[in-house]
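An overview of the molecular structure
Each chain, written out:
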Amino acid sequence: MSNRMFDTLRFLEAIIMPLVTFLTGLTEIWGFAYGMEIAATLALCNALCGALIEAARKLYNDRLENDDFGMTD
């Protein structure tokens, strides 16, 4: 995964998804159709995206750690 892709996914997961979930949650309060279903779906997508990002971050950090130990002076 490229740095740009990781940063984009991280931005979506940390900023956009919670904001959209919040706004969609308001639809339930105001009585729009399927508000709770949309909010729950977005919350689940956000959780999945967060898990994938953390897995990618761990894999990246493990590779960096292995490369550091393999270096010789």
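Everything below is about the structure printed above this text.
Residues numbered from 1 in each chain as written. Predicted model: local features only at pLDDT ≥ 70, side-chain atom pairs only at ≥ 80, totals over all residues. Heavy atoms only, no water.

**Some points on a nonpolar patch on the surface**
Where nonpolar side chains cluster on the molecular surface, the patch consists of Phe11, Leu12 and Ile15 and spans about 270 Å² of accessible area. Locating Leu12 in the fold gives a position in helix α1 (residues 3-30). By relative accessible area, Leu12 is classed as partly exposed at 34%. (Patch = residues over 30% accessible without salt bridge, like charges linked within 9 Å, V, L, I, M, F, W, Y side chains within 5 Å. Areas by Shrake-Rupley, 256 points an atom, 1.4 Å probe, with all protein chains shown as cover. Salt bridge = Lys/Arg side-chain N within 4 Å of Asp/Glu carboxyl O. Helix = DSSP H or I, 4+ residues; strand = E, 2+ residues; numbered from the N terminus. Buried < 20%, exposed > 50% of the residue type's maximum accessible area, 1.4 Å probe, protein only.)

**As for α1**
Across its 28 residues, α1 extends 40 Å between first and last C-alpha, which sits within 8% of the 40 Å expected from 1.5 Å per residue. Gly31, located one to two residues past α1, shows a positive phi value of around 85°. (Expected span 1.5 Å × (residues − 1).)

**Structural notes on the pattern of salt bridges**
For the coordinates displayed, the defined rule picks out 2 salt bridges. In this structure, Arg57 engages Glu54 in a salt bridge whose closest nitrogen and oxygen atoms are separated by 2.7 Å. A residue pair is termed a helical-turn pair when its members lie 3 or 4 positions apart in one helix, as Arg57 and Glu54 do in helix α2 (residues 35-70) at 3 residues. Under the relative-accessibility criterion, Arg57 is labelled partly exposed at 37%. The salt bridge partner of Asp62 is Lys58, with a shortest N-O separation of 3.0 Å. Note that Asp62 and Lys58 are positioned in helix α2 at a spacing of 4 residues, about one turn of the helix. Look at Asp62 and you get partly exposed, because its relative accessible area is 32%.

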